[in-house]
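# Secondary and tertiary structure notes
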Amino acid sequence: MSPDTRSTASDVAAKSTLFCPDCDHQGRYDSAWNRVVNGDAIHYLCPNCRATVTTRPTAPLEKRCASSQRVSTSGD
Ligand SMILES: [Zn+2]
C-alpha cells in the first residue's frame, strides 16, 4: 500500500525479517506474522505452525518514561 516503505525495505530487510525456529518460515515482521497483543507485549506467531517467533513491547518509549518518572495516572 505504501510505496515509501519499499524504498527502505532492502536496507532494513535483514533486521525486519523474522525466522520461525520450528518450521523455518520467514517473512517481514510487519506483514507475514500473526500478532497477538498480551498486556504490554506483542507476540509474533508463525502463520504456518503458530509457534511464538518473538515478543516485542507495545510501547517501549511510554514504558521507559513511566518507569523513570514513576508517574501514576490512577489516583491523585
Ligand atoms: Zn513456523
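As a starting point, this report considers the structure included with it.

Parameters and conventions
- Residues numbered from 1 in each chain as written.
- Predicted model: local features only at pLDDT ≥ 70, side-chain atom pairs only at ≥ 80, totals over all residues.
- Helix = DSSP H or I, 4+ residues; strand = E, 2+ residues; numbered from the N terminus.
- Buried ≥ 20, exposed ≤ 12 C-beta atoms within 10 Å, placed from the backbone.
- Contact = placed C-beta atoms within 7 Å.
- Pairing = 2+ DSSP bridges.
- Axes fitted to C-alpha atoms, helices over the stretch in contact; angles between N-to-C directions.

In this model, Asp 24 sits at a positive phi of 65°, which is unusual for a non-glycine residue. Note on placement: Asp 24 falls in the loop between β1 (17–19) and β2 (26–28). Note on Asp 24: 10 C-beta atoms within 10 Å, which makes it exposed. The backbone phi angle of Arg 50 is positive, close to 65°, even though this residue is not glycine. Within the fold, Arg 50 resides in the loop between β4 (41–45) and β5 (52–57).

With respect to the helices and strands, the residue Gln 26 is situated in strand β2. The exposure class of Gln 26 is partly exposed, given the 13 C-beta atoms found within 10 Å. The spacing of Gln 26 and Pro 47 is 21 residues in sequence and 9.9 Å in space, taken between C-alpha atoms. Setting aside its immediate chain neighbours within four residues, Gln 26 contacts Thr 17, Leu 18 and Phe 19.

Turning to the pairing of β5, a few remarks are in order. Here five bridges tie β4 to β5, and the two strands are oriented antiparallel to one another. Note on β5: the bridge partner recorded for Leu 45 is Thr 52. Where β4 hands over to β5, the hairpin turn is made up of six residues, of which Arg 50 adopts a positive phi near 65°.

Moving on: the environment of Asp 22. Relative to the helices and strands, Asp 22 resides in the loop between β1 and β2. Owing to 13 C-beta atoms within 10 Å, Asp 22 belongs among the partly exposed residues under this scheme. Taking C-alpha positions, Asp 22 is 9.6 Å from Asn 48, a pair spaced 26 residues apart along the chain. With near-sequence residues (within four places) excluded, Asp 22 lies in contact with Cys 46, Cys 49 and Ala 51.

Ordered in space as β3-β4-β5, the three strands form an open sheet in which the pairing is antiparallel. The open sheet is flanked by β3 (34–38) and β5, the only strands paired with a single partner. Within this sheet the neighbouring strands show an average axis-to-axis angle of 25°, counted without direction.

Read these as spatial facts, not as claims about activity.
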